[in-house]
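Take a look at the letters that make up each chain.
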Amino acid sequence: MESARHVFRVLFLLLVVVVIFSVGRTFLVPKSYGAYGPYRFDNVAEQAAIRPPQHGGSASCGACHAERLKAVAAGAHRRVGCEVCHAPLARHVQDGARIAAMPVDRSFTLCARCHRRIEGRPAAFPQIVLAQHQGGVEGTACIDCHAPHSPKL
């Protein structure tokens, strides 16, 4: 019978630990934890308030560049956002005022990300073998021959 008391003491101690853990967890874990996955959902809004958005999307470029946006919308790159080739909007405009010239990535590697020949891409998608294109394009810019907003020759 003496050993049974030791077992009950251990079980009682285990029960106390579980109760303390459960009560403590309800006070320590935020209400939004786990609502949309294994993180604190309130943190999304907090981080957005601390860090202003860097990207504005193509529609925000249309405020000043409506003609250019219309030309792009009719061209081959209509599904590609402006900030893919250019920098994020925040480097160009802040608080509605232009702060710097918009940087442009003029390297062939930018175009090669999408247009390099890869077997898994759809056959109808324009692809090139870089080594065979115009004698090789290493070190040259695609925009030397192609207009980026309407890339046909």
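The shown structure was predicted, so the numbers you read here are calculated from the model rather than taken from an experiment.

1. What to know about the packing of aromatic side chains
- On inspection of all chains with the given rule, the structure shows 1 aromatic pair.
- Ring geometry for Tyr36 and Phe41: centres 4.5 Å apart, planes at 50 degrees, overall tilted.
- Note on Tyr36: relative accessible area 59%, which makes it exposed.
- You can call Phe41 partly exposed: its relative accessible area is 35%.

2. Observations concerning the domain arrangement of the protein
- As assigned here, the protein comprises domain 1 (2–48), domain 2 (53–104) and domain 3 (105–147).
- Measuring from the centre of the C-alpha atoms in domain 1 to the corresponding centre in domain 3 gives 55 Å.

3. Describing the layout of surface pockets
- Size it by volume and the largest pocket reaches roughly 1,500 Å³.
- Looking at the largest pocket, it is lined by 50 residues, and the ones nearest its centre are His77, Val80, Cys85, Pro148 and His149.
- Put simply, the parts of the chain that give the lining of the largest pocket at least two residues each are α3 (58–61), α4 (66–74), α5 (82–85), β2 (97–98) and α6 (108–115).
- If one sorts the elements of the lining of the largest pocket by residue count, α6 sits on top with 6 residues.
- Considered class by class, the residues forming the lining of the largest pocket number 28 nonpolar, 14 polar and 8 charged.
- Formed jointly, the lining of the largest pocket draws a minimum of three residues from each of two domains, domain 2 (53–104) and domain 3 (105–147).

Quick notes on the rules
- Residues numbered from 1 in each chain as written.
- Predicted model: local features only at pLDDT ≥ 70, side-chain atom pairs only at ≥ 80, totals over all residues.
- Heavy atoms only, no water.
- Phe/Tyr/Trp six-rings, centres within 6.5 Å; stacked < 30°, edge-to-face > 60°.
- Buried < 20%, exposed > 50% of the residue type's maximum accessible area, 1.4 Å probe, protein only.
- Domains from an automatic or database assignment.
- 1 Å grid on protein atoms, 1.4 Å probe; cavity = no way out; pocket = protein on both sides within 12 Å on 5 of 7 lines; lining within 4 Å.
- Points joined across faces, edges and corners; volume = space filled by probe spheres on them.
- Helix = DSSP H or I, 4+ residues; strand = E, 2+ residues; numbered from the N terminus.
- Nonpolar A, V, L, I, M, F, W, Y, C, P; charged D, E, K, R; others polar.

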